[in-house]
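Listed below, chain by chain, are the residues.
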Amino acid sequence: DARVTGVQTPGGTGAIRLAGDLVTASGRDCTVWLGLPTWGNYRPLLSASRLKVETYTCFDVATQVQDFDVVMAALGRARSGDIFVLQSSCTNPTGVSFTPDEWKRIASTLAARGVIPLLDVAYQGLGKGFDEDVASVQIVLGAVEEALIAYSCDKNFGVYRDRVGAMFAVTKS
């Protein structure tokens, strides 16, 4: 797809940081949205890129239940051009993933509101299957004009010590 540009990064961590730096370099006045609890490195990596980070609590640790309505409410507060961080599968640290129907609702809301997803693909093949673990990415990319994707090969290809990853930007043109 001519709308996709990619670059190799030092793991998924490097991809997240590079995505943050790319957003900063674009001059966008935006907020990055993180659902809690989340991977502990997101906030420092994105803050190091001088981005404003807003959080919302969408997972009840005591009951081990994710509140999809809270996710949708946060997405409803996001402005056009904001960045919404989503993990494609095997969500770290909860292990809870959205259903295909939930992903479709998320994708259509992202598109309707002009919110840019930052999709973190860190565990492809380690959840339900190689294709199944990126079905969410395909759903979202089928709906939005722009997206950022952070991809880690470290865990799924057993090359963790080599820090292999990539950052992809999907753009309008």
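Refer to the structure above for everything that follows.
About the cut-offs
Residues numbered from 1 in each chain as written. Predicted model: local features only at pLDDT ≥ 70, side-chain atom pairs only at ≥ 80, totals over all residues. Heavy atoms only, no water. Core = buried A, V, L, I, M, F, W, Y, C linked by side-chain atoms within 4.5 Å. Buried < 20%, exposed > 50% of the residue type's maximum accessible area, 1.4 Å probe, protein only. Helix = DSSP H or I, 4+ residues; strand = E, 2+ residues; numbered from the N terminus. Contact = heavy atoms within 4.5 Å. Pairing = 2+ DSSP bridges. Axes fitted to C-alpha atoms, helices over the stretch in contact; angles between N-to-C directions.

A.B. asks: What am I meant to see in the nonpolar core here?
C.D. replies: Side chains that are nonpolar tend, in soluble globular proteins, to be buried together. With 28 residues, the main nonpolar core has Phe84, Leu86, Ile106 and Leu110 as its most contacted residues. Sorting the residues of this core by element identifies α3 (68-77), β6 (83-87), α4 (100-113), β7 (116-121), α5 (135-141) and β8 (147-152) as the ones contributing at least two each. Here the element with the most residues in this core is α3; it accounts for five residues. With residues near it in sequence (within four places) discarded, leucine 110 still touches Leu75, Phe84, Leu86, Val115, Pro117, Val140 and Val144.

A.B. asks: Explain the sheet that holds strand β2 (residues 31-36) to me, please; I cannot follow it from the model alone.
C.D. replies: Whether parallel or antiparallel, the strands of a sheet pair through hydrogen bonds between backbone atoms. Judged by pairing direction, the sheet is mixed, and its seven strands sit side by side in the order β1-β9-β8-β7-β6-β2-β3 without closing on themselves. Both outer strands of the open sheet, β1 (4-10) and β3 (52-57), are each paired with one neighbouring strand and no more. Adjacent strand axes in the sheet meet at a mean angle of 20°, parallel and antiparallel pairs treated alike. Relative to β8, β7 runs parallel, the two sharing four bridges. Along β8, the bridge assignment pairs leucine 118 with leucine 148.

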